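Examination of the molecular architecture
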Amino acid sequence: MSFFDKLKSGVAEAGNKAKIAVEVNRLKMQNSSKQKEIDQEYQHIGKMVFDSLERESMCSPEQLQPMVDRIVQLQDEIQLNLHQINAIADEKKCTCGHTVPVAARFCPECGHQFIEIEKQEGDV
Amino acid sequence: MQQFSVVLQETRKWFQSFRLYGVLAPFELHLLFGALGIQFLHELLYAILPYSSHHALSVIFETIPLLVISHYAFWIGAWMTLVSGNVKYLPYALWINAFVILFPFKNIGLNDLVGALVYVGLGYALFRYTASAYANVNPSGRETHKF
């Protein structure tokens, strides 16, 4: 391969890695914003409970339910973003929490075997 | 952020009314980062080459006004990227511009410092916008211009 071919392939590889890094950073920033919104909802719930206890009454679950629903929705969105990040970066998470390449069959930290479901030819 | 998104959409519609936009749009990232590359090369060559080479550099960057062209190419690329689906790359271009302003980190005055801080701030604000739900970001990074 000539020098210019190597240079072109190197530049293309760097460009691909830069695109992956930009997308991963964007998703991480999204997760950070969603986490802040979850913390604000927790504070809001806490304030409502405090105010109701101060008035010596209990706030009803119906008052808190919209905030709880919003927190659950944000947590689901955060998980979705984490899956997307792993998919973009060609990584997957082991049960021990260690991140490994998507093609890895064993975890180098705990030895956990990733069970691969092989698609058989002719399966429906 | 929603209002900013609406402003960008309307700005893009206005840009699309110019035929030149259609010609330059596929090269927006080339204009943006290419201009930064030329500006950085200018700073680097002046920093590393001896004084005897400065005349040659002056011919390249000032007589052939490569530096001025790169300055305007950066702004054209920045505006076009801002209204396109590639807006997620613009914060990094603004941060690289802040780096180029400060490079080679000698004789940094308040002028340079304020300029760099403005670009860092703008880049961070845009970074937060691109992470929001209102940004028209193309996840694959491919061109999104449709004419």
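In this text, all values refer to a predicted model and were calculated from it rather than measured experimentally.

Conventions and cut-offs
- Residues numbered from 1 in each chain as written.
- Chains lettered and ligands numbered in written order.
- Predicted model: local features only at pLDDT ≥ 70, side-chain atom pairs only at ≥ 80, totals over all residues.
- Heavy atoms only, no water.
- Axes fitted to C-alpha atoms, helices over the stretch in contact; angles between N-to-C directions.
- Helix = DSSP H or I, 4+ residues; strand = E, 2+ residues; numbered from the N terminus.
- Left-handed = near helix turned anticlockwise from the far one by under 90°.
- Contact = heavy atoms within 4.5 Å.
- Nonpolar A, V, L, I, M, F, W, Y, C, P; charged D, E, K, R; others polar.
- Buried area = accessible area lost by both parts, 1.4 Å probe.
- Salt bridge = Lys/Arg side-chain N within 4 Å of Asp/Glu carboxyl O.
- Polar contact = N/O pair within 3.5 Å; in protein donor to acceptor, adjacent residues only side chain to side chain.
- Patch = residues over 30% accessible without salt bridge, like charges linked within 9 Å, V, L, I, M, F, W, Y side chains within 5 Å.
- Areas by Shrake-Rupley, 256 points an atom, 1.4 Å probe, with all protein chains shown as cover.
- Buried < 20%, exposed > 50% of the residue type's maximum accessible area, 1.4 Å probe, protein only.

1. What to know about the packing of helix 3 (residues 28-48) of chain B against helix 5 (residues 66-82) of chain B
Angle between the axes and distance between the axes are the two parameters that describe a pair of packed helices. Residue and element names in this part refer to chain B. Where helix 3 contacts helix 5, the two axes come as close as 7 Å, and the packing angle between them is 145 degrees. Viewed along their axes, helix 3 and helix 5 form a crossing whose handedness is left-handed. Touching Glu28, Leu29, Leu31, Leu32, Ala35, Leu36, Ile38, Gln39 and His42 of helix 3 are Leu66, Leu67, Ser70, His71, Ala73, Phe74, Ile76, Gly77, Ala78, Met80 and Thr81, all from helix 5. Residues belonging to the contact of helix 3 with helix 5 are distributed by class as follows: 13 nonpolar, six polar and one charged.

2. A word on the interface of chain A and chain B
At the interface, eight residues of chain A touch 11 residues of chain B. For the pair chain A and chain B, the summed buried surface comes to about 950 Å²; carbon and sulfur atoms form 63% of the total. In terms of surface lost to chain B, no three residues of chain A exceed Val22(A), Arg26(A) and Met29(A), which account for 57% of the buried area on that side. If you look at where chain A meets chain B, you find one salt bridge. Residue Lys88(B) is joined to Glu23(A) by a salt bridge in which the shortest nitrogen-to-oxygen separation is 2.8 Å. Between the two partners, chain A and chain B, sit four residue pairs in polar contact (both at pLDDT 80 or more).

3. Digging into a nonpolar patch on the surface
Residue and element names in this part refer to chain B. Where nonpolar side chains cluster on the molecular surface, the patch consists of Phe99, Phe105, Ile108, Leu110, Leu113, Val114, Leu117, Val118 and Leu122 and spans about 850 Å² of accessible area. Top element by residues in the nonpolar patch is helix 7 (residues 110-131). It accounts for six residues. You can see Ile108 is positioned in the loop between helix 6 (90-102) and helix 7.

4. Points about the environment of Val68(A)
All names here are of chain A. As for its placement among the helices and strands, Val68 is situated in helix 2 (residues 61-88). Its relative accessible area of 34% is what places Val68 among the partly exposed residues. Spatially, the C-alpha atoms of Val68 and Ile115 are 36 Å apart, while their sequence positions differ by 47 residues.

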